[in-house]
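Read off the chains here:
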Amino acid sequence: AKEIAIAQASDFYDGDIRRNVSNEIVQLRKQVVAIANKRFGNRYIFSGYKSLTKPFNNNGEYFGDKNHIKIEVGKDFFVPINLHGEEVFFSEEIKQKEKNNLNNSKEESFPNSNINRDLASETSDTFKEKGNLFSQLSTLITALEINDSELIQNLLEKFDKSINRLVTMRTRVGSIINSVESFQAKIEKENIDDAQHRSKLIDADVAELFSDISKQQQILTTTYKSGQAILNQSLIDFLR
């Protein structure tokens, strides 16, 4: 989407071409919605604890929560195994910080006034203020359809922020995978060590056991031969 936006921000293309290109962004947005609602088995990946609830609708509204499912991979060591939808597809934290800074500046200018901390712009257009992927793609579609090159150019910085956020999320997932694989290798090594220790305690020495059996077999064979020689003798042989 960013590559298309960079190309279409140029004045080289006219309105007809941009309207045709908008169809490709429509398909990309549908793909984003499909990825956001991806399931593992019958559970949605990006719903937080609400893994049986579909996290996003076609408008990009989020119905999951902000919790992380954790598993214990080592003694008292837990790692999250999911990312919730808001941290992946929304830039909510950035906008929340800007909102707090704006409220603080208002309080400094008007210390005695009673200021509503909920900005009107956020309540009237929540998704635009949150700067999520769905709204960015929808805005790009609109900009292409109305042939607004300036609006397309303004989206480039927002796309960069979204890409950087996704890279950060992938880095977090990579670190979690490394931790799990490290503990898995540690557990496998401990299992091998335990098996070796158990073998020393309870398993037989095959070479030594085979040697003892061979000795006992030779003794038994000698005994049989001696008994056979005695049984074959007659009474006269004994008397002699």
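Residues numbered from 1 in each chain as written. Predicted model: local features only at pLDDT ≥ 70, side-chain atom pairs only at ≥ 80, totals over all residues. Heavy atoms only, no water.

1. Describing unusual backbone geometry
Phi angles above zero are rare outside glycine, and Asp 76 is one such case at about 60 degrees. Along the chain, Asp 76 falls in the loop between strand 3 (70–74) and strand 4 (77–80). Phi is positive for Asn 147, which is not a glycine, with a value near 60 degrees. Relative to the elements of secondary structure, Asn 147 occurs in the loop between helix 7 (133–145) and helix 8 (149–202). (Helix = DSSP H or I, 4+ residues; strand = E, 2+ residues; numbered from the N terminus.)

2. Quick notes on the packing of aromatic side chains
Evaluation of the coordinates by the stated rule reveals nine aromatic pairs. Ring plane angle 75 degrees and centroid distance 6.5 Å describe the contact between Tyr 62 and Phe 90, whose orientation is recorded as edge-to-face. Residue Tyr 62 is found in the loop between strand 2 (43–44) and strand 3, and its partner Phe 90 is found in the loop between helix 3 (85–89) and helix 4 (92–109); the two are separated by 28 residues along the sequence. Of the residues examined, Tyr 62 reaches a relative accessible area of 12% and is grouped as buried. With relative accessibility at 2%, the residue Phe 90 sits in the buried group. Arranged with centres 5.7 Å apart and planes meeting at 25 degrees, the rings of Phe 89 and Phe 134 form a pair that is stacked. One end of the pair, Phe 89, is in helix 3; the other, Phe 134, is in helix 7, and 45 residues separate them in sequence. On the basis of relative accessibility, which here comes to 0%, the residue Phe 134 falls in the buried class. Taken together, the aromatic side chains of Phe 46, Phe 56, Tyr 62, Phe 89, Phe 90 and Phe 134 make up a single cluster linked through ring pairs. (Phe/Tyr/Trp six-rings, centres within 6.5 Å; stacked < 30°, edge-to-face > 60°. Buried < 20%, exposed > 50% of the residue type's maximum accessible area, 1.4 Å probe, protein only.)

3. Describing the pairing of strand 3
Sheet analysis places strand 3 next to strand 4, joined by four bridges and oriented antiparallel. Across the sheet, the residue bridging to Gly 74 is Phe 77, located in strand 4. (Pairing = 2+ DSSP bridges.)

4. Examining the packing of helix 2 (residues 15–36) against helix 7
Relative orientation of the contacting elements helix 2 and helix 7 amounts to 165 degrees, with a least axis distance of 7 Å. The orientation of helix 2 with respect to helix 7, classified from their angle, is roughly antiparallel. By crossing handedness, the relation of helix 2 to helix 7 is classed as left-handed. On helix 7, the residues that touch Gly 15, Arg 18, Arg 19, Val 21, Ser 22, Ile 25, Val 26, Leu 28, Arg 29, Val 32, Val 33 and Ala 36 of helix 2 are Phe 134, Leu 137, Ser 138, Leu 140, Ile 141, Leu 144 and Glu 145. The residue makeup of the contact of helix 2 with helix 7, split by class, is 12 nonpolar, three polar and four charged. (Axes fitted to C-alpha atoms, helices over the stretch in contact; angles between N-to-C directions. Parallel < 35°, antiparallel > 145°, perpendicular 65-115°, else oblique. Left-handed = near helix turned anticlockwise from the far one by under 90°. Contact = heavy atoms within 4.5 Å. Nonpolar A, V, L, I, M, F, W, Y, C, P; charged D, E, K, R; others polar.)

5. Thoughts on the side chain of Arg 29
Considering the arrangement of structural elements, one finds Arg 29 in helix 2. Buried and unpaired, Arg 29 has Glu 61 as its nearest opposite-charge partner, separated by 9.2 Å. One polar contact links the side chain of Arg 29 to the main-chain carbonyl oxygen of Asn 58, over a distance of 2.8 Å. In this structure, Arg 29 is in contact with Asn 58, Asn 59, Gly 60, Phe 134, Leu 137, Ser 138 and Ile 141, ignoring residues within four places of it in sequence. (Lys, Arg positive; Asp, Glu negative; His and termini not counted. Salt bridge = Lys/Arg side-chain N within 4 Å of Asp/Glu carboxyl O. Polar contact = N/O pair within 3.5 Å; in protein donor to acceptor, adjacent residues only side chain to side chain.)

6. Re the side chain of Arg 165
With respect to the secondary-structure elements, Arg 165 resides in helix 8. A distance of 3.1 Å separates a polar atom in the side chain of Arg 165 from the backbone oxygen of Phe 90. When neighbours within four sequence positions are excluded, Arg 165 is seen to be in contact with Glu 87, Val 88, Phe 89, Phe 90, Ser 91 and Leu 133.

7. So, the confidence of the model for the chain
When pLDDT is averaged across the chain, the result is 79; 76% of the residues are at 70 or more. Averaged pLDDT values over the elements of the chain bottom out at 35 in helix 5 (residues 120–124) and peak at 94 in strand 2. This stretch, residues 93–99, has a pLDDT under 50; its non-local contacts, to residues over four places away or in other chains, come to seven contacts. (pLDDT = per-residue confidence, 0-100.)

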